[in-house]
Amino acid sequence: MTIAAPPGVFDVLPDASPENWRSSYLWIYVETIARQLATLFGYQEIRTPMFERQELFQRGVGDNTDIVSKEMYTFIDRGNRAMALRPEGTASVIRAYIEHRLDQQPSQQKLFYIAPMFRYERSQSGRYRQHHQFGVEVFGARSPAQDAEVIDLLHSFYKGVGLKNIEFYLNTLGAVESRTAFRSALVQYLEKFSNALSEDSQRRLTTNPLRILDSKEAKDQEILAEAPSLYDFLTADEKIYFESVCQLLEAIGISYKVNPKLVRGLDYYNGVVFEATSDALGAQNSIGGGGRYDGLVKLLGGPDVPSCGFGAGLERVIQTLLAQQGTTTAPPCPDIYLVPLGDEARSYCFKLLHRIRQKNILAQMDLAGRKIGKAMQHANTLKAKYSVVIGDNELGKAFLSIKDMATGTTEDVALDNLEEYLKSSSKIP
Ligand code: HAM
C-alpha cells in the first residue's frame, strides 16, 4: 500500500511544466527575489524553529483568533510540554528577539524570513495546511516612514516577481484606548441585530467583535453599513500618523485604497494595517498583509519596543504569477554530457567531469552504465548542449570529438582547450 501526503499539503518538485505552481524552479525564482530585495532594504535573515511552546501563540496571536482557537496544530511532546507548529512568523521572531536580547544589537532590528507556516484550515484552492511566507519584522522604530518602508518592500517584492494588478488596502486600528472605545460602541450597535448576524459573527460578538467588520456574509455587511466607524474614535495624532503614511506612499508612487473595515485576523495589530490582494485568484485572494503591533514585544516579556511587519503567502504569489504570465523559468540544462564506454573510460570521464565542473560549467555524465544509444537519449532528455563519447580509443588522445546536440555536427577540441571551447561557444554564456 502506498502512503499519500496528508490533505492540504503539497510537494515542490523539479517540474518545469508551465502550469505547475509547485515547480521548484518557480519557488527558487521567487525566493531569490525576496532575499535580494530584503537585503537591498537592509533586512537580515532570521530562522526560527518550526514548533514553539503553544503558549507563545496563545499569548502572542490571541486565544480568540481563528488561527489559535481552531487552526493550530498542537501536540504534547515526550516531556509533556504543550507545543504547536508555528501558525505564523511574528510571535516566533519576537520570542527569538527577546531570548537573544536583540534589542541590544542595534544592527539587528530589521529581520526577514522565508518559512513554512501550519494552519489546520479547510483545504481549498489557495488555502493550505502548510503554506510559506516571506515575512519581515522591524523593531525599535515608530514613524510613518518605517510603516511606509515595510509596505514599499512588499510592493517591490510583487513588482520584482512580475505581478500585475495588485491592490493595496490600508487602514489604521489606532492604539488600544481608541480601539477599546470603538469596540464597545460596535458591540453595543451590533447587539441590537445579534439574531440577524451570521452564525460566525454571532460567535465573534463575544470573542472578537472587530473581526465581524471583515465578514464576507451579505447579511452582516448590510447591518455593518450603519455601524459606527473606527475613524471617529481615533485621536488627532493617530489620524495624522495614518495620513503621513498615506502621503509617503503617494510620494513614491504606490497606489492604495483606504478600507475602514480592514481589521486583519490576528489580535496583535494596532496603528496602521494593510493587506494586498490579487485579481488572479479566487476567494483566497489575499497575497500578503501586515501592520504595526507596538506593545506585543512587551506583552511577551520583552522591552517596550515599537514594531511592525508583513507576511506574504508564496503559494498565492506564485499562482498569481502563473495565472498572469505563465512560467518564466526553465530548468538549467547541462552544457556537456559525457558518455564513457568501458571501465577505464568511466574513471577517466569521472575525473574530466570533476575538472569541467570546477570551471563552473554545467556537466553531467552517464552514471548508470547505459549503452551508447540510451546514454545519448538521456543527453537529449536533459537537453544537453554538447555531448562527447569517450571509449578506450580516445583515452590516450589529446583531442575530444564534441558533438553539438542541436545540429549533430562534431568538432575536435583539444583536451586542454575544452573548458575554453565550451565557454567561448556562443551557446554558453
Ligand atoms: P496573515 O494575514 O495571517 O498574517 O498571513 C499572511 C499571508 O499568508 C496571507 O496574506 C496569505 O497570503 C498567506 N496565507 C495565510 N494563510 C494561508 C493558507 N492557509 N494557505 C495559503 N496561504 C496562506 C500573518 O501571518 C502575520 N504574521 C503577518 C505579519 C508579519 N504581520 C506583521 N508581521
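To keep things clear, this report deals only with the structure shown in the data block.

How each quantity is defined
- The numbers attached to residues start from 1 for each chain and follow its sequence in the written order.
- The predicted origin of the model limits local features to residues at a pLDDT of at least 70 and limits the giving and counting of side-chain atom pairs to 80 or more, whereas totals for whole chains, interfaces and linings rest on all residues.
- Hydrogen atoms and water are omitted, and side-chain values are computed over all heavy atoms in the structure.
- Centres within 6.5 Å are what make two rings of Phe, Tyr or Trp a pair, Trp counting through its six-membered ring; a difference in plane orientation under 30 degrees is then read as stacked, over 60 as edge-to-face, and the rest as tilted.
- Burial classification: accessible surface area is computed with a 1.4 Å probe over protein chains only, and a residue below 20% of its type maximum counts as buried, one above 50% as exposed, and the rest as partly exposed.
- Either the NZ atom of lysine or the CZ atom of arginine qualifies as a charge over a ring when it sits within 6 Å of the ring centre and within 35 degrees of the ring normal.
- Throughout this description, the term nonpolar core refers to a set of buried Ala, Val, Leu, Ile, Met, Phe, Trp, Tyr and Cys residues connected via side-chain atoms within 4.5 Å.
- Only DSSP runs of H or I with at least four residues qualify as helices, and only runs of E with at least two residues qualify as strands; both kinds are numbered from the N terminus onward.
- Here a residue-residue contact requires only that any non-hydrogen atoms of the pair lie within 4.5 Å.
- Salt bridge, as used here: a side-chain nitrogen of Lys or Arg that lies within 4 Å of a carboxyl oxygen of Asp or Glu.
- The rule for a residue being near a molecule or strand is that one of its heavy atoms must lie within 4 Å of it.
- Two N or O atoms count as a polar contact when they lie within 3.5 Å, although within protein this holds only if one can serve as hydrogen donor and the other as acceptor, and sequence-adjacent residues are included solely when both atoms are side-chain atoms.
- We get accessible surface area from the Shrake-Rupley algorithm with a probe of 1.4 Å; when it comes to residues, only the shown protein chains can shield them.
- Lys, Arg, Asp and Glu make up the charged group, whereas Ala, Val, Leu, Ile, Met, Phe, Trp, Tyr, Cys and Pro make up the nonpolar group; the residues left over, Gly among them, are polar.
- Here the arc refers to the set of directions running from the helix axis out to each C-beta atom.
- What makes two strands pair is DSSP finding at least two bridges between them.
- All axes are obtained by fitting lines to C-alpha atoms, using only the stretch in contact for helices, and the reported angles, taken between N-to-C directions, cover 0 to 180 degrees.

## Some words on the packing of aromatic side chains
What the rule picks out here adds up to 17 aromatic pairs. Between F157 and Y158, the aromatic rings sit 5.8 Å apart at their centres with planes inclined by 40°, giving tilted as the arrangement. Among the residues examined, F157 registers a relative accessible area of 0% and is labelled buried. Here the aromatic cluster, defined as three or more aromatic residues joined through ring pairs, consists of F112, F134, F157, Y158, F168 and F310. A cation over a ring is seen here: R129 above Y120, with NZ or CZ 3.9 Å from the ring centre.

## Some words on the nonpolar core
The biggest cluster of nonpolar side chains holds 49 residues, and the ones touching the most others in it are Y43, F134, F157 and Y158. The dominant element in this core, judged by the number of residues it contributes, is helix α5 (residues 144–161), at 8 residues. Excluding its chain neighbours within four sequence positions, the residues that come into contact with F134 are A34, A38, F112, Y113, I114, F157, F310, G311, A312 and L314. Grouped together as the second largest cluster of nonpolar side chains are 45 residues, Y97, L197, Y268 and L296 included.

## So, unusual backbone geometry
A positive phi is found at N165, a non-glycine position, where the angle reads about 55°. With respect to the element layout, N165 can be found in the loop between α5 and β7 (166–172). Within the chain, R264 stands out as a residue other than glycine whose phi angle is a positive 70°.

## Some remarks on the pattern of salt bridges
Pairing between side chains becomes possible if they bear opposite charge and their charged atoms approach one another. Applying the stated criterion to the full structure yields 22 salt bridges. When the shortest N-O distance is used, the salt bridge between R95 and E99 registers 2.9 Å. With a gap of 4 residues between them, R95 and E99 both fall in helix α4 (residues 90–99), about one helical turn apart. Under the relative-accessibility criterion, R95 is labelled buried at 19%. For E99, a relative accessible area of 54% translates into the label exposed. The partner of D200 in a salt bridge is R203, with the nearest N and O atoms 3.1 Å apart. Within this pair, D200 and its partner R203 are both found in helix α7 (residues 199–207), separated by 3 residues, close to a single helical turn. Judged by its relative accessible area of 32%, R203 falls in the partly exposed class.

## Notes on the site of the ligand
Around the ligand lies a shell of 27 residues, among which E88, E121, E137, Y269 and S286 are the nearest. Take R264: an N or O atom from its side chain is 2.9 Å from an oxygen atom of the ligand. One nitrogen or oxygen atom from the side chain of Y268 is found 3.0 Å from a nitrogen atom belonging to the ligand. Burial of the ligand by the protein amounts to 96% of the accessible area it has alone, namely 660 Å². If you list the elements that add at least two residues to the shell around the ligand, you get β6 (130–139), β10 (286–292) and β11 (307–313). Looking at the shell around the ligand element by element, the count peaks at 5 residues for β10. Tallied by class, residues from the shell around the ligand come to 9 nonpolar, 11 polar and 7 charged.

## Some words on the environment of M50
Assignment of secondary structure puts M50 in the loop between β1 (44–45) and β2 (51–53). With 252 residues separating them in the primary sequence, M50 and G302 have C-alpha atoms 21 Å apart. In this structure, M50 is in contact with A84, L85, R86, P116 and F118, ignoring residues within four places of it in sequence.

## Structural notes on α7
Turning to α7, its buried residues are S201, R204 and L205. Each buried residue of α7 sits inside an arc of 115° when the element is viewed along its axis, so together they form one side. Away from the buried face of α7 by more than 90 degrees, exposed residues E199 and T206 are located. Residues of α7 that are buried make contact with α3 (66–69), α6 (176–191) and α8 (218–224).

## Quick notes on the sheet that holds strand β16 (residues 410–414)
Spatially, the 5 strands line up as an open sheet ordered β13-β12-β14-β15-β16, and their pairing is mixed. Among the strands making up the open sheet, the edge pair consists of β13 (363–365) and β16. The average undirected angle you get between the axes of adjacent strands in this sheet is 30°. Here strand β15 (residues 399–404) pairs with β16 via 5 bridges, running antiparallel. Its bridge partner being in β16, F399 is matched across the sheet by A414. Each of β12 (336–340), β13, β14 (386–390) and β15 touches helix α12 (residues 343–358); the most contacted strand, β13, lies at about 165° to it. Contacting β12, β14 and β15, helix α13 (residues 372–381) crosses the sheet at an angle of about 170° to β12.

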